[in-house]
Amino acid sequence: MSRSKRLTRVPILALLAVLPLLATSCDSEGPAAPGPGSDDCPPGQWEADSYGYRTWRHDCEPYVSDHFTVYSDGSSTAAKDTLARLAEGVFSELAAEFLIASEAELGFTPGYTYYIYAQKNMTPTVAEGYRHGLLIAAIDSRERPTQRYPIWYRYLMRHELMHVFQFSLIDCPGNGEWPHWLDIWFSEGQAVVVGGRYTRPTLQQFRTWFSDSTHIIPVRIQRRPDFPDVDRMGEYYQMFALTYAYLVDTTHGHGASVADLRNLFQYMKDGDTFHDAFQRALGISVSSLEANYLNIMEEYLATQNGAKLTTPAPATRALPSRLPTATLELKLETRGASLHPRPLEPHSGATHVTRASAPPLDPPS
Ligand SMILES: [Zn+2]
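Calculation rules
- Residue indices begin from 1 for each chain and proceed along its sequence in written order.
- Two thresholds apply to this predicted model, a pLDDT of at least 70 for residue-level local features and 80 or more for giving and counting side-chain atom pairs, whereas whole-chain, interface and lining totals are computed over all residues.
- By the criteria applied, helices consist of DSSP H or I runs no shorter than four residues and strands consist of E runs no shorter than two, each listed in order from the N terminus.
- For every residue pair, C-beta atoms are placed from the backbone, and the pair is scored as a contact if these atoms sit within 7 Å.
- Exposure in this text rests on C-beta crowding, where 20 or more other C-beta atoms within 10 Å of a residue's own make it buried, 12 or fewer make it exposed, and counts in between make it partly exposed. The C-beta atoms are placed from the backbone.
- A pair of strands is treated as paired once DSSP finds two or more bridges between them.
- The arc refers to the directions leading from the helix axis to the C-beta atoms.
- Helix span, as expected, comes to 1.5 Å for every residue beyond the first.
- By the criterion used throughout, a crossover qualifies as right-handed when its path from the first strand across the helix to the second strand runs clockwise, the strands pointing away from the viewer.
- Under the definition applied here, buried Ala, Val, Leu, Ile, Met, Phe, Trp, Tyr and Cys residues are grouped into a nonpolar core through C-beta atoms within 7 Å.
- Every axis corresponds to a line fitted to the C-alpha atoms, with the helix fit spanning only the stretch in contact, and the corresponding angles, defined between N-to-C directions, vary from 0 to 180 degrees.
- It is the rotation of the near helix from the far one that decides the hand of a crossing: anticlockwise by less than a right angle makes it left-handed, clockwise makes it right-handed.
- Lys, Arg, Asp and Glu make up the charged group, whereas Ala, Val, Leu, Ile, Met, Phe, Trp, Tyr, Cys and Pro make up the nonpolar group; the residues left over, Gly among them, are polar.
- When describing relative orientation, an angle under 35 degrees is termed roughly parallel and one over 145 degrees roughly antiparallel, while 65 to 115 degrees is termed roughly perpendicular and anything else oblique.

Another aspect to go through is the overall build of the protein chain. Within the protein chain one finds 11 helices and 8 strands. Summarising the internal contacts of the protein chain: among those between residues at least 6 apart in sequence, 67% fall at separations of at least 24.

This is the structure we're talking about:
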């Protein structure tokens, strides 16, 4: 890292840097944060990154740290500071995990910043990652996330910042402009695993889940409309995570290294589609993974703790007849209403835009 990790407490220079933005945006209705539909978006920032389903008004007090500018609808300076520190810490973690030697690899140039919009009074709050930043609940929102569910909140930060890193490493021109974006099974699988919320299913759970004839091979879900049932996205997110975990498991899985993953991103940055880059970098095609998915995963899940179990792997989708609905163990919590991302249906005309969002889960109570 070439930059100091020291956080700057609302530096005057940083405020001056955004002054033109604020001077034109502070009106009686409250300013609009750099975001969809506002005329005051910094060039190349944020405005292309959202659907426009909300107006992200801010309080004219953006808080600046090394890599982030935190906007909010009224979160206190102290809460913004806490959030920025958490984000900086996660930034450093992910940079180390993905062998990022310089911020230039993420597209940082002087003056560039990731944005965070911290929602204090908005409900429901959402957690989403975008090309240049992320949305997340403010520390001092009514949810009090770092007090009530700190582990979950940290997961959300890692998940969404992983998405931002994906966008940066690919240098995706927007949020999912075809063909410059990852398949959703990969982008979300990676974010769940890196975020730290993947739980490896047992072979029996895996079989039970696929015994439901409405469930499809996760690798077929490449864009939002591919979900057969948006109400069961949480289950699919775990299947995406299983798929990603298999790919990067160097002991019993496919064995992709971090260098392979970096190559995947680089190939896409150089112009490859995801499928071309995936095959070049990981040595397996997406179509092959899809065609052999059940066999691959059956074999993978039959291998535990370094020892092959004797459970024979069915060769086809003719898996055990419908089993008791034990799939709840794969289904993540859906209680309550807070921290739900908004409904997943893309907005009209948004078929070429994908959001990267957290799974539709609630924090553990
Ligand atoms: Zn996500």
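Sheet faces and side chains relate simply in a regular strand, where the side chains alternate between the two faces. With respect to burial, strand β5 (residues 133-137) is a largely interior element, 5 of its 5 residues being buried. Of the two faces of β5, the one carrying Gly133, Leu135 and Ala137 and the one carrying Leu134 and Ile136 are both buried. Sheet analysis places strand β3 (residues 114-119) next to β5, joined by 5 bridges and oriented parallel. Following the sheet pairing, Tyr117 is matched in β5 by Leu135. The hairpin turn running from strand β4 (residues 128-129) into β5, its antiparallel successor, is 3 residues long.

As a further point, take helix α11 (residues 293-301). Listed as buried for α11 are Tyr293, Met297, Glu298, Tyr300 and Leu301. Looking straight down α11, one finds its buried side chains confined to an arc of 165°; they lie on one side.

Look at helix α5 (residues 184-195): 16 Å from first C-alpha to last across 12 residues, which is about the 16 Å you get at 1.5 Å a residue. Judged by how many residues are buried, α5 sits mostly within the fold: 12 of 12 residues are covered.

Attention now goes to the pairing of strand β2 (residues 68-72). Where burial is concerned, most of β2 is hidden: 5 out of the 5 residues are buried. Neither face of β2 is open: one carries Phe68, Val70 and Ser72, the other Thr69 and Tyr71, and all of them are buried. Of the pairings in the sheet, the one linking strand β1 (residues 63-64) to β2 comprises 2 bridges and is antiparallel in character. Paired with Val64 across the bridge in β2 is Thr69. Turn length for the β1-β2 hairpin, with the two strands adjacent in sequence and antiparallel, is 3 residues. Bridge count for β2 against β3 is 5 bridges, and the pairing is parallel. When the bridges of β3 are listed, Thr69 appears paired with Tyr115. Traced from β2 through helix α2 (residues 77-97) to β3, the parallel crossover comes out left-handed.

Membership of the largest hydrophobic core comes to 80 residues, with the highest contact counts inside it found for Leu83, Ala87, Ile116 and Ile136. Not counting residues up to four positions away in its chain, the partners in contact with Leu83 are Val70, Ile116, Ala118, Ala138 and Ile139.

Along the chain, Thr303 falls in strand β6 (residues 303-304). Judged by the 16 C-beta atoms lying within 10 Å of it, Thr303 falls in the partly exposed class.

The subject of this paragraph is the packing of helix α8 (residues 258-269) against helix α9 (residues 274-282). Helix-helix packing is characterised by the crossing angle of the two axes and by the distance between the axes. α9 packs onto α8 with a crossing angle of 145° between their chain directions and a minimal axis gap of 8 Å. Handedness of the α8/α9 crossing: right-handed. Where α8 abuts α9, its residues Asp260, Asn263, Leu264, Tyr267 and Met268 lie against Phe274, Ala277, Phe278, Arg280, Ala281 and Leu282. Taken together, the residues that form the contact of α8 with α9 break down as 8 nonpolar, 1 polar and 2 charged.

This brings us to the packing of α5 against helix α7 (residues 233-248). Here α5 crosses α7 at 85°, and the two axes come no closer than 7 Å. In terms of orientation, α5 and α7 fall into the roughly perpendicular class. When α5 is examined against α7, the residues Trp185, Phe186, Glu188, Gly189, Gln190, Val192 and Val193 are found in contact with a partner set consisting of Tyr237, Phe240, Ala241, Thr243, Tyr244 and Ala245. Residues that form the contact of α5 with α7 fall into these classes: 9 nonpolar, 3 polar and 1 charged.

This part is about unusual backbone geometry. Residue Pro124 is reached from Thr123 by a cis peptide bond, and omega for that bond is -10°. Among the secondary structure elements, Pro124 is positioned in the loop between β3 and β4. Of note, Arg144 is a non-glycine position whose phi angle comes to about 45°, a positive value. The phi torsion at Asp171 lies on the positive side, around 55°, for a residue other than glycine. For Asp171, a count of 15 C-beta atoms within 10 Å corresponds to the partly exposed category.

What follows covers the environment of Pro228. Note that Pro228 resides in the loop between α6 (203-210) and α7. On the neighbour-count criterion, Pro228 (11 C-beta atoms within 10 Å) is exposed. Linking Pro228 and Ile216, residues 12 residues apart in sequence, is a C-alpha distance of 7.6 Å. Apart from the residues within four sequence positions on either side, Pro228 is in contact with Thr214 and Ile216.

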